[in-house]
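# An overview of the molecular structure
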There are 2 protein chains.
Amino acid sequence: MEYPSVAIQKAVEAFKSLPGIGNKTAVRLVLHLIKQNEGKLQEFEGAVSALRTEIKYCTTCHNLSDNDTCSVCANPRREHSRICVVQDVRDVLAIESTSQYTGVYHVLGGVISPMDGVGPDDLHIASLVNRVKNGSVDEVIFALSATMEGDTTIFYTSKQLKETQVKISTIAKGIAVGGELEYIDEITLGRSLLARVPFEI
Amino acid sequence: MEYPSVAIQKAVEAFKSLPGIGNKTAVRLVLHLIKQNEGKLQEFEGAVSALRTEIKYCTTCHNLSDNDTCSVCANPRREHSRICVVQDVRDVLAIESTSQYTGVYHVLGGVISPMDGVGPDDLHIASLVNRVKNGSVDEVIFALSATMEGDTTIFYTSKQLKETQVKISTIAKGIAVGGELEYIDEITLGRSLLARVPFEI
C-alpha cells in the first residue's frame, strides 16, 4: 500500500513489528495517534522513551525495576525465605495478580531449550543457586510452563540446588478451575487422577 | 495490577489508550519493546515522535502529507478534474489499495452527525465547494459510508454544489463480491434488486 506520508509509513512499519499487530491494526493505531492532541501524543512518546532510558533489572531477582532492587525484593513485608522461580517478567505479573503469593521471585529469563539454542548458562540459574546458598531460603517453588522445556529446566535447576538441601516444590498440575471434564486432554486428566488429593468434610 | 516499575505502568497505560488494545495486549507489547535492542527501540520512538512533528495536512484535499501538498495532489499523472469525497484518511488508503481510481481526493474529516455535535461547518465542505468553483472539475464522486450520516452529508454537500452544475455520483451500493445471498440483509438485497444493471454477453 502506498502511504500519503513517509512519517506515517514509518510509524505503520514500527507498529507492525509488534507481536499480534497486522497492517490494518497498525494503520488504525497510527491514525488514532495522529488525531490526538499534542500533549497526549507527547505523553505516549515519553512513555515509550522511558522504556529505553528508565528500565533496569533487579540485581537480586532479575525482575524489571525502576531501581537496582525491585519493589518486591525491597518490600520488608514479603517472605524473603520463599523464592518462586519463573520464566519471565510476565509470569511475575500473572502471579502477583492472584494475590496468593507473599514470597519473592527469581526470573530465569527463559527455559532450557536446546532447539532454540538456550542452555543453562544463558539463564539466571547460577545466581539462583547463589541466593539459596548465601541467604536463609527455606523453599524454592518452580512456577514454569508444563512443557518439556519447563520440566527440563526444573530438573536441571533442582539438581544444582540439591546440595543446599532447600525444600523444592512445583505448582500443582491438574484440571483448570471451571474446566469441563469432557474437554480436558487425556494426559492432564490422567495425571490429575494420579495426583488426587484427599477431600475433607 | 501492580507493576514492578513506574515506567512500565506508564507505558502499559499509554498502549491501553489505543483503540482495541486491552490490558493483557498492552503488557505484551510493552514487554516485547523492552526486549528489543536499543536501536530498535529508538527507531520505534522516532517513528512515534515523527507523527507529532512531521505530519502535515494537504492544503488542497486535507489528506495527510509530508508537505503542504500531498503526494496525490502533487502527482501530474492523476486526473485532477475528478474528485472523490471521503470521510477519512483511512478511506483514501482503502481506495488507493484498490488501484481502481486515478483521480484526486477531498477528505471531509467526518460526516454530518447532529447526535455527535458535528455540523457542516466542522467539515471541509466549504473548501470542496471552492475547489469545484475555482478549478476545472468535471465530476465529484461521493465515497461515504452507507449510513444515515453519510447520506445526510451527501445530500447537504451536493446541494451546495448544485449551482456549479458539476456531475455528482456516489459509489455503487449492492451485494459484496463473494457475498452469499442468504446472509445478506434484506435492505441491501432489496436495493440491489431495484438497482439491477443490464448484463451483456
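Residues numbered from 1 in each chain as written. Chains lettered and ligands numbered in written order. Predicted model: local features only at pLDDT ≥ 70, side-chain atom pairs only at ≥ 80, totals over all residues. Heavy atoms only, no water.

Bringing the domain arrangement of chain A into the picture now. The domains assigned to chain A are domain 1 (6–53) and domain 2 (70–198). For domain 1 of chain A and domain 2 of chain A, the distance between their C-alpha centroids amounts to 35 Å. (Domains from an automatic or database assignment.)

To continue, consider the pattern of salt bridges. Counted by the stated rule, this structure contains 12 salt bridges over all chains. Linking R52 of chain B and E38 of chain A is a salt bridge whose minimum nitrogen-to-oxygen distance equals 3.3 Å. Highlighted residues: R52 of chain B in helix α3 (residues 38–53) and E38 of chain A in helix α3 (residues 38–53), drawn from two different chains. For E38 of chain A, a relative accessible area of 46% corresponds to the partly exposed category. One salt bridge connects E139 of chain A with R82 of chain A, and the closest N-O pair in it is separated by 3.3 Å. Of this pair, E139 of chain A sits in strand β5 (residues 139–142) while R82 of chain A sits in strand β3 (residues 79–86), and the two are 57 residues apart along the sequence. (Salt bridge = Lys/Arg side-chain N within 4 Å of Asp/Glu carboxyl O. Helix = DSSP H or I, 4+ residues; strand = E, 2+ residues; numbered from the N terminus. Buried < 20%, exposed > 50% of the residue type's maximum accessible area, 1.4 Å probe, protein only.)

Counting residues in each nonpolar core, the largest one holds 52 residues, and the members touching the most others are F15 and F44 of chain A together with F15 and F44 of chain B. Those residues in contact with F15 of chain A that sit more than four places away from it in its chain are I21, A26, L29, V30, L33 and F44 of chain A together with F15, L18, F44 and V48 of chain B. (Core = buried A, V, L, I, M, F, W, Y, C linked by side-chain atoms within 4.5 Å. Contact = heavy atoms within 4.5 Å.)

Let us now look at the packing of aromatic side chains. Applying the stated criterion across every chain yields a total of 6 aromatic pairs over all chains. Of the aromatic side chains, those joined through ring pairs into one cluster are F15 and F44 of chain A together with F15 and F44 of chain B. (Phe/Tyr/Trp six-rings, centres within 6.5 Å; stacked < 30°, edge-to-face > 60°.)

Glancing now at the interface of chain A and chain B. Facing 50 residues of chain A, the contacting portion of chain B comprises 50 residues. Remark: the boundary between chain A and chain B carries 6 salt bridges. Seen at the junction of chain A and chain B, the total is 9 residue pairs in polar contact (both at pLDDT 80 or more). When residues in the side of chain A that touches chain B are grouped by element, the largest group, 11 residues, is from α3 of chain A. In the side of chain A that touches chain B, the residues fall into 29 nonpolar, 10 polar and 11 charged. (Polar contact = N/O pair within 3.5 Å; in protein donor to acceptor, adjacent residues only side chain to side chain. Nonpolar A, V, L, I, M, F, W, Y, C, P; charged D, E, K, R; others polar.)

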